[in-house]
Structures are given as structure tokens and as C-alpha cells.
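The chain contents come next:
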Amino acid sequence: MLVEGIKSRPVYTGLSIQPRARRHIFALEGEGAHALLDRKPALDDTALSRSEILYVARGSQGKGNDEALRALGTDMFFAAPTIATLLFRLRGTLTTAHMGTRLYIAGTEGFIGQAMMVALDHGMDHASIVTEHRGSLARRVQCVHCKGVTEDVTHSPFSCGHCGLPLLVRDHYSRRLGAFQGVNIDAEEPGSAPDPEELFL
Amino acid sequence: MSGGTEIPVRVTRVTPVAHRIKRFRFERSDGRPMPYFSGGAHVIVSMNDNGHVRRNAYSLMSAPYDCSAYEISVLHVEDSRGGSSFMHEKVREGDEMRVSHPVNLFQPDWRGRKHLLIAGGIGITPFIAMMEQFSREGACFEMHYAIRTRDRGAYCEDLIARYGPQRVKIYCDAENDRIPVARLLDSQPLGTHLYVCGPAGMIDGVLTTGLEAGWPEQNLHSERFLSSQPGKPFSIELTRSGRTVHVGHHESMLEAIEAAGIDAPFLCRGGACGQCETMVALCDGKLLHNDVYLTEEEKASGRKVMLCVSRFEGKALHLDL
Amino acid sequence: MAIAFKQETFRDDFSYRNSPENIRRFPFPFDRDEYMYAVNMEPHLKGQKGTAFESLIDVDEHYVAEMHDRALVLKEDPLRYQALPHMMTAQWDTLELLMEEQAAGFPEHFTLIRNGDQWRWINRPLGIDDTFTFGDRSTLPYEPLEYITRQAQGDFCIVDQRDGNLWMDAGMVTTQADWSLDFDIGMNFMEWHGPVPLAHQMGVFDRALKFLLNLQQGKPTRRFNWTMTINPRLDTSPENYHKWGPDRASVTPENVGEKVHLRVEVQSLWRLPRSNAILFVIRCYLMNMNELVTVPKWARRFPRVLSTLPPELIDYKGLTRYRQTTIDWLSRFDDGAPTSPGTFPD
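This structure is a prediction, so every number in the text was calculated from the model and none was measured.

Participant: Looking at this structure, how should I read the overall build of chain A?
Facilitator: Counting secondary structure elements, chain A contains 5 helices and 12 strands. At 18 Å, chain A has a C-alpha radius of gyration in line with the 17 Å of a compact globule built from 201 residues. Overall size of chain A, expressed as C-alpha extent along the three principal axes, is 60 × 35 × 30 Å. Looking at the 201 residues of chain A, the share that counts as buried comes to 56%. In chain A, of all internal contacts separated by at least 6 residues, the share reaching a separation of at least 24 is 66%.

Participant: Please explain the overall build of chain B as it appears in this structure.
Facilitator: Along chain B, the regular secondary structure elements total 7 helices and 16 strands. Computed over the C-alpha atoms, the radius of gyration of chain B is 20 Å, within 12% of the 20 Å expected from 2.2 N^0.38 for a compact globule of 321 residues. Over its C-alpha atoms, taken along the principal directions, chain B stretches across nearly 60 × 50 × 35 Å. For chain B, with 321 residues in total, the buried portion stands at 56%. Within chain B, contacts between residues at least 6 apart in sequence are counted, and of these 67% link residues at least 24 apart. Of the roughly 13,300 Å² of accessible surface on chain B, a fraction of 47% belongs to carbon and sulfur atoms. Treating the 37 positive side-chain charges of chain B as one cloud and the 40 negative ones as another, the clouds have centres 2 Å apart.

Participant: Honestly, the pattern of salt bridges in this entry has me stumped. Any pointers?
Facilitator: Within this structure, the stated rule accounts for 69 salt bridges over all chains. One salt bridge connects Asp178 of chain C with Arg170 of chain A, and the closest N-O pair in it is separated by 3.6 Å. Residue Asp178 of chain C is located in the loop between strand E7 (165-172) and helix H5 (181-184), and its partner Arg170 of chain A is located in strand E10 (residues 166-174); the two belong to separate chains. With relative accessibility at 22%, the residue Asp178 of chain C sits in the partly exposed group. The salt bridge partner of Arg222 of chain C is Glu42 of chain C, with a shortest N-O separation of 3.8 Å. With a gap of 180 residues between them, Arg222 of chain C in strand E8 (residues 221-230) and Glu42 of chain C in strand E1 (residues 42-43) connect regions that are remote in the sequence. What makes Arg222 of chain C buried here is its relative accessible area of 9%. Judged by relative accessible area, Glu42 of chain C falls into the partly exposed class, the value being 31%. Put simply, Arg25, Lys49, Glu54, Asp58, Asp60 and Arg283 of chain C are held in one network by salt bridges that share partners.

Participant: How should helix H2 (residues 125-137) of chain B be read in this particular structure?
Facilitator: All names here are of chain B. Its 13 residues place the ends of H2 19 Å apart at the C-alpha level, agreeing with the 18 Å of an ideal helix rising 1.5 Å per residue. In terms of burial, H2 is a largely internal element, 10 of the 13 residues being buried. The complete set of buried residues in H2 reads Thr125, Pro126, Phe127, Ile128, Ala129, Met130, Met131, Glu132, Gln133 and Phe134. Positive backbone phi, approximately 75°, marks Gly138, located one or two places after H2.

Participant: Would you mind showing me how to read the interface of chain A and chain C here?
Facilitator: How big an interface is tends to be stated in terms of the accessible area lost upon association of its parts. Between chain A and chain C, the contact holds 24 residues from the first and 29 residues from the second. Buried area between chain A and chain C, summed over both chains or domains, comes out near 2,200 Å², and the portion from carbon and sulfur atoms is 53%. Ranking the residues of chain A by area buried against chain C places Lys7, Arg176 and Glu188 of chain A at the top, with a combined share of 32%. Here Glu188 of chain A and Arg321 of chain C are joined by a salt bridge, their closest N and O atoms 2.5 Å apart. Viewed at the interface, chain C and chain A are joined by 14 residue pairs in polar contact (both at pLDDT 80 or more). Within the residue set of the side of chain A that touches chain C, elements represented by two or more residues are E10 and strand E11 (179-184) of chain A. Among the elements that make up the side of chain A that touches chain C, the one with the highest residue count is E11 of chain A (5 residues).

Participant: Before we go on, may I ask you to explain the nonpolar core in this structure?
Facilitator: As a rule of thumb, nonpolar side chains are buried together in soluble globular proteins. One finds Leu86, Leu90, Leu94, Leu103 and Ile105 of chain A together with Leu194 and Trp215 of chain B to be the most contacted residues of the largest nonpolar core, which totals 51 residues. Looking at this core, the element that brings in the most residues is helix H5 (residues 109-121) of chain A, giving 6 residues. Grouped together as the second largest cluster of nonpolar side chains are 39 residues, Leu97, Met99, Leu140 and Tyr147 of chain C included.

Participant: I would appreciate a short explanation of the side chain of Arg28 of chain B in the present structure.
Facilitator: All names here are of chain B. Tracing the backbone shows Arg28 in strand E2 (residues 21-28). Separated by 2.9 Å, the side chains of Arg28 and Asp30 make a polar contact. A polar atom in the side chain of Arg28 sits 3.3 Å from the backbone oxygen of Pro33. Residue contacts for Arg28: discarding those within four places in its chain leaves Ile7, Pro8, Val9, Pro33, Met34 and Pro35.

Participant: Explain the interface of chain A and chain B here, please?
Facilitator: Contact with chain A, which involves 18 residues of that partner, is made by 18 residues of chain B. If you look at where chain A meets chain B, you find 2 salt bridges. A salt bridge links Arg111 of chain B to Asp125 of chain A, with the shortest nitrogen-to-oxygen separation between them at 2.8 Å. Summed over the shared surface of chain A and chain B, the number is 9 residue pairs in polar contact (both at pLDDT 80 or more). Every element with two or more residues in the side of chain A that touches chain B is listed here: strand E4 (101-107) and H5 of chain A.

Participant: Would you take a moment to explain the domain arrangement of chain B for this structure?
Facilitator: Assigned domains of chain B: these are domain 1 (6-100), domain 2 (114-223) and domain 3 (234-319). The straight-line distance from the C-alpha centre of domain 2 of chain B to that of domain 3 of chain B is 34 Å.

Participant: Looking at this structure, how should I read the pairing of E11 of chain A?
Facilitator: Each regular strand displays side chains that alternate between the two surfaces of the sheet. All names here are of chain A. For E11, the buried fraction is high: 6 of the 6 residues fall into the buried class. Note: strand E6 (residues 139-143) against E11, 3 bridges, orientation parallel. Note that in E11 the partner of Gln142 across the bridge is Gln181. Judged from the 6 bridges that link them, E10 and E11 form a sheet pairing that is antiparallel. Within E11, the residue paired with Val169 across the bridge is Gly182. Taking the residues between adjacent antiparallel strands as the criterion, E10 and E11 are bridged by 4 residues, where Gly178 takes a positive phi near 60°.

Participant: Would you explain unusual backbone geometry in this entry?
Facilitator: What is expected of a backbone is that most residues other than glycine have negative phi and most peptide bonds are trans. Omega for the bond connecting Ser156 of chain A with Pro157 of chain A falls within 30 degrees of zero, at -5°, which places this linkage in the cis form. Phi at Asn176 of chain B is positive, roughly 60°, even though this residue is not glycine. Mapped onto the elements of the fold, Asn176 of chain B is located in the loop between strand E9 (168-172) and helix H4 (181-186). In this model, Asn276 of chain C sits at a positive phi of 65°, which is unusual for a non-glycine residue. Within the secondary structure, Asn276 of chain C sits in the loop between strand E9 (260-271) and strand E10 (278-288).

Participant: Would you explain the packing of helix H11 (residues 296-307) of chain C against helix H13 (residues 323-331) of chain C in this entry?
Facilitator: Axis angle and axis distance: for two packed helices, these are the angle between their axes and the distance between the axes, and together they describe the pair. Residue and element names in this part refer to chain C. Two numbers describe how H11 lies on H13: the axes approach to 9 Å, and their chain directions differ by 150°. One finds that H11 runs roughly antiparallel with respect to H13. Pair H11 / H13 crosses with left-handed handedness. Contacts between H11 and H13 involve Ala299, Phe302, Pro303, Leu306 and Ser307 from the former and Arg323, Thr326, Ile327 and Leu330 from the latter. Across the contact of H11 with H13, the residue classes break down as 6 nonpolar, 2 polar and 1 charged.

Participant: What is the right way to look at the sheet that holds strand E3 (residues 76-80) of chain A in this model?
Facilitator: Hydrogen bonds between backbone atoms are what pair the strands of a sheet, whose relative direction is either parallel or antiparallel. Residues and elements named next belong to chain A. With respect to topology, 5 strands assemble into an open sheet ordered E3-E2-E1-E4-E5, the strand pairing being parallel. Taken across any chain shown, the strands that pair with only one partner, and hence form the sheet edges, are E3 and strand E5 (130-133). If you compare each strand with its neighbour and ignore which way they point, the axes differ by 10° on average. Pairing between strand E1 (residues 23-29) and E4: 6 bridges, direction parallel. Residue pairing for E4: Leu28 is matched across the bridge by Ala106. Seen against the sheet, helix H4 (residues 83-95) touches E1, strand E2 (51-56), E3 and E4 and runs at an angle of roughly 160° to E2. Of the strands in this sheet, E1, E2, E4 and E5 are in contact with H5, which crosses E4 at around 160°.

Participant: Could you clarify how one ought to interpret the sheet that holds E6 of chain A in this entry?
Facilitator: Residue and element names in this part refer to chain A. What the 5 strands build is an open sheet, ordered E7-E6-E11-E10-E9; its pairing is mixed. With one partner strand each, in any of the chains shown, strand E7 (149-153) and strand E9 (158-159) form the two edges of the open sheet. The sheet contact formed by E6 and E7 spans 3 bridges and is antiparallel. Across the sheet, Arg139 pairs through a bridge with Val153, a residue of E7. The strands touched by H5 are E6, E7, E10 and E11; relative to E6, the strand with the most contacts, the crossing angle is about 65°.

Conventions used here
Residues numbered from 1 in each chain as written. Chains lettered and ligands numbered in written order. Predicted model: local features only at pLDDT ≥ 70, side-chain atom pairs only at ≥ 80, totals over all residues. Heavy atoms only, no water. Helix = DSSP H or I, 4+ residues; strand = E, 2+ residues; numbered from the N terminus. Rg over C-alpha atoms; globule rule 2.2 N^0.38 Å. Buried < 20%, exposed > 50% of the residue type's maximum accessible area, 1.4 Å probe, protein only. Contact = heavy atoms within 4.5 Å. Areas by Shrake-Rupley, 256 points an atom, 1.4 Å probe, with all protein chains shown as cover. Lys, Arg positive; Asp, Glu negative; His and termini not counted. Charge placed at Lys NZ, Arg CZ, Asp CG, Glu CD. Salt bridge = Lys/Arg side-chain N within 4 Å of Asp/Glu carboxyl O. Expected span 1.5 Å × (residues − 1). Buried area = accessible area lost by both parts, 1.4 Å probe. Polar contact = N/O pair within 3.5 Å; in protein donor to acceptor, adjacent residues only side chain to side chain. Core = buried A, V, L, I, M, F, W, Y, C linked by side-chain atoms within 4.5 Å. Domains from an automatic or database assignment. Pairing = 2+ DSSP bridges. Axes fitted to C-alpha atoms, helices over the stretch in contact; angles between N-to-C directions. Parallel < 35°, antiparallel > 145°, perpendicular 65-115°, else oblique. Left-handed = near helix turned anticlockwise from the far one by under 90°. Nonpolar A, V, L, I, M, F, W, Y, C, P; charged D, E, K, R; others polar.

The structure is reproduced here in C-alpha cells:
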């Protein structure tokens, strides 16, 4: 379960299929595949004929899911080798999309954030995008000092991958950056940072 | 006054525009410029009908950046409670009146990649100012305007002349020409926002068609000016001021409370903005909620009521005022 | 009367000080001896001469130095100014408001001449005399919001109103109390207030949001906020926390008077006409403890307020390391006598 009570963090309400959508685009990462596979009963022939799946396995956690997703029989299926290539394809799809197209994103929070940023760039309202968190609780964190983003942060404090400052991961999330905020933990007394704790696994 | 500071104005022109529609031009009596406003905004016009003050909301239709005057268009409603009849029958050029500062409850979503405007009848008025602003700022828009008959369609030729037939399309009911809403909604680029203003049935129809076409509710905008509906007279007790106020057949609670000299907050007087939300201290009977502000749960709870459009039937209603 | 603008710094040698006249016009925010959390909104109306409210957009003796400091911050980090593309109309609204209010309040320093869309803006303290076309951004050296907020004291955020919420979609933020525009831009009212303790549970933000959604044109409103800052540093941004954070550990009983500052924000909120957005002005005032105790009423009241702060707020405002030292130092000036109501000096 994700920590609750963070006002700025989006609520990932689950991949409910919008029955009236003219086109469904599913952006799925790793275990996020199950968010859609679990909804198989809600996907009738009409929905399948209007659906496009963009999937990235990301390491071993998503093994075998691409076959299962392909077997759903959606109109289009694309297995991307990396998140970057998936996002590139998503951009292309949204550029020519019409109103009535609904976007569904499932996977880790960092992935949801990045796919959401692409959708916002195409004029979609974040509240209209359907999301579900699946997989690791690792956080995508932006260092507030050097602005560098570190992926898959599981510990706090952690060392910024860009400037090296020890960062506390604040419970403050930016949808626009798709990241939590990392702030130097020992600024007031350099060298006083506590040992890292594994908090987001 | 709780509705905000009023601006003293003089009626400098009254122009018949179409069947039962007149345009009124207001200039400031004190010679100062009118405040700028944003497309979609309305003002509350205060009408002094022999000591009885009526207040109606009207969309501003003059250019938002023209502060020499404000213009509104008023449809003479068939079963008018008095406001539009007063404007049509009593108001003459040279008359002194008062208008509120502009309030906008129908603001365009400025993020929109494209703005699809749908108007029915007098519902065209907020869009006239909006299109002026879109055009000046280079925003992409398209207007679809339904009228009942040619003689009732206000500003059709003006708008086509101004923005061209590609951007302004007229549909005349009498000629069996209807807005193909479903087809329109299926062909809009991602990031389009839709705005609809017109008769209640039309607004409901367009919004429903929008949801059925898979549009998210965030991209569907409407403005409905509800007017207070006539109904059975009733009395209300105001617990804080210790007064009893009688609400007549054609009166709203807000009007009756104002007539009794009690200051109650308001902004839109159309059940939309939430400003006149009032706590119910006791309700022995049934609240007739006519607003679009309170949620269904709030309405069912019977603990809040909007004074501007809602009514009451029953034995006793006590309000925290 | 013309203001004598000071040459001073908010970094390095920290030469910022308040003149005796400026101390008396300081907007001391506490109207009683204990701390109370409240929405505390009041109409933003002009107050008496010689107070920070004599004009609705205040200009004081620190104007020139503050604008110089802002320029330095922007040179280091241009992301302190940002505006999302749909906020251009609101930017022009803001430019108009700040020019009109500064010119009306301080005509000896600022003049605005409008001739249709052709405007001429004269800012004497900064030596600016520009003619431009209102609404045409190519006629200004910066975007309109950046242009005018390089010439106005305080931080500025413009919030867009839609879907029953307010969205922070543009801003100039260089004198902030530890929040990042770059991180918070695009957030709604509840989201950007996310890290604030206590107030969410008290329903403070729900009430404030409801109030602001119906904020009317021509009826601006204001509230106070406050914190404390070590050294007269305007730029206490999270971006630079690793640079100013060590200051907090530098307070000793000997240097409280010089180092510890009360930092007050007068926040005014204005409905903008053409965009229907809301301008959020966060005007920051700094006063060190030596200066504060020159007003006996404030010297008595401030340690009493500091003693009654809830622990969550002590932590959130970052006072933990030096609050007690400051109370101890201030207590020498508190003889226990009762204080008069209101915030102004006796």
C-alpha cells in the first residue's frame, strides 16, 4: 500500500474501463499488465476493437505478460523495449487522437508520472486519466537543489545521483515533474545525516 | 450590500435586436471607465420597480477590453417574473440604474487546444464576449448556434460577418436544421473544450451526448442561469435576526429577505456560485432545491439551502441568518 | 514624500537594516499574546499613512536593494520565474495592476501614461522609462509578469480558476519561506498547501478555497503569514537550503538581536479582470530582534506568542534550533505588563 494522506500525491483509483470511450489507450509497465488482465471481463468485443496497448516489461518482473496482453486481441499491441520508447510511441498516438480517447496508465508511480506528463502535454486533463499503481513502491525523486531526477529510490535519505547531496524524500509530489521532492537532510549540520532506511520497496 | 460594490450607470442606448430581444448599453454615470472583464462574465442588474428592487443576472456581451460601456441583451421571457418585462417595458434611454462588478462562472479553460462553443437562442450572449477575446488572443474556436426562427436569431449575420462562415455556423429550427452534436463531438482533436449555453433541455442534451461520446467531464462546460421558479407562498424564521419573513408566490427567499432589509450574501442569483448557501436550523417540511451548486448528498441532508432559487413546502423553516 | 531608498544586501555581509521610521510601519502580525491559527482573511483596504497599508501595493525603503537581490537570484536560477503558456492574459492583468497601484501609491517614484494600448512606464528608482504596446509581448524585454515583478517587492503567484479549484500556474518567487515554485507550479490549492501541518485537519483550507473561488473583482482580500529567518536573507528557497540551512545552527545568546529576524508575509489576493485568475501577492518584511524590541508592545508580545506555538508548527517553520534561545533573549524585554489590543505600536 502507498502511504496515504499526502495531499499533493495523486490518488490512483484503479483501472476502471470507461465504457463510452471511442478509443482506449493502455500504457502499462511491468506488473501494471495485471491491472488490465484482471479487468478482462469488462473488455467486450467493442472495447477490444477500440483498444491499443503500449507495454514495457522492464526487467524480469513483467515476464510473460506480453504474451497474455497480446492474447487479449486488442486492435493494436506494441511492446516497447524501454520506457523512453514507450513514451515516444504514446506521444505519436496522442498527437493524432480525438476527444473521446481515454488514457489508462498502470505500473510504478514513476512510470505513471512520466506517462501522465506526456498526456498533459497533449492537452488532457489529469483528472480524466485513469491510473492504477502496481509493482514496486520505489519513488522517482527530484533533487530540489540540482533538479536532477533519480529513479527507483527505495531509501531515505539517499544520495542524489547527480549532485551527491544526501536527500530526505519529502511526502510532496509534483504531477508536472512526475516526482517526489528530495531535500538536503543535513543542511543545518553537515555530516549529521541519519542512516538510510528502506522505506519504499 | 453583500453582492459587492455596485456601479452607477446610465442607459445610453436601447436597441431592438430580434423578436422579443433588446440590447441595452450602460455607461458609468460618474464618467469613469467600466472595469475590464473576461469573456463569459455576467453582471447583476438592479431594477428599481416603484420601490421594489429586482436583481437579475445578465451576461456581458460587449468587448471585454472596451471599458467605455457594458452591453447586455435581454430576452423578454414569456412567463417573466418581472425582470425581463421591466427591462423591456420600463427601461428607457437616459434612465439611471446600478450594475454589479462582473463575475465569471463560465470562464473558458485557457489551456484548451480548441474551444467548441454551442449556443441556443439567447444563450449566445456570453459567447459574443468570449469569441471577441478568443479572436484577439488568437485562440482556436468554432461556434455552433441554434435559433428557433430567423427573426428570433440575434446577431447571426453580425457574427458570420465578423468571424466567417467557417467559424460560425447557424442552425434554424424552423428550417429543420439542427446542430449535429454527436457528429461534431466525434471529430474534435484531443484537448478540445466544449461550452454550452441555452435552454435547460439543450444543455442537458449536449452534456449527455458529450459523456456518451466518451468526453471527460473536465472538458464539458455549461452555464445555466436558473431563475427562481414561482411556487406556493411560505414563511421562514431567521434565527439570528429574530425575524419572520414571508416569501410570496413570485418571490425568491433571497428577494424576500432583502425586501425585509436583511443583508444576505449573493453573487450569481442563479443557483450556481454557492455564495448564498445558508444553514438550515430547522426544517419541518420539504426543501425544494433548484440549484446546481449543492451536491445530491447535501441536498438530501436538508442542512443547507441556496436562497436564490430554492423554495420550501411545509410547516416551518428556520434559517441561520 | 519621497522614500530614501537604501543601499544594502540580503546575502554575504547582510547589511540590511530598518530605519526607525520603517520599524514603526512594520506589519507586526500578532494581535494578541498567544498564537492562534485561523483563516484570518480581511478586506485589503488602504490603511493609515505611515503603515505598510498606506498603499495596496507597498513600496518601502528596501525597494531598490530588493530588486537588485531578485536580479541576482534570477541570474543564478532562472526557474524562479515560470509561467505556463495559458497564463498570458493573466500576466498582462498583473502588469496593469502592479503599474497602476505603484503609480497611484507612489507618484513621485512611478508614472504610468496610457494612451490606448500604447503605454509608457517610468520607474525612477530603477531608472526605467519604457514605452510598449499593452498586449504585445514583443514590445517588452521580458514576459509581462517577469518584467513587472522585477520591479515590484514581494513574490507573486497567479492562480487559474477551473473545476472548482485554484491552480498555481505562474509565478515569480525569489523571497520565499522554503517552498519551490519550480516544484509546485501546476498544483491545485490543496496540493501546494500539502506540506502545511494541522490546517488541513482543521478545515482551514476548505474554507479558504471556498472563499477565494468567489473572490470578487475590485474587492481584494489579505491575510498574514509569518516565520523566522536567520540573517536578513530574502532567498530562503529550498533550492538553496544547503547554503542557508547552516545559519540556523549559528544562533547564540550573544547574537540573537542581530541574527534572528521575524519574517512577515502580507498576502493580498486580487481577482484579475481579463483572465478571471487570482493574483497572489506575498510581500515579505524582515525585522531583527534588536529592531523589534524598540517597540515595547512587540517586545512583550512576541516571546509570549513564541511560547505558545504548537510543536508541529515549530518544526514546520524550522524554529526548533533557536526558538528557546530567542525566547530567553526576548524575555529581558518582557516585564509581564499587559499589552494593548491590535497589532500597531502604542
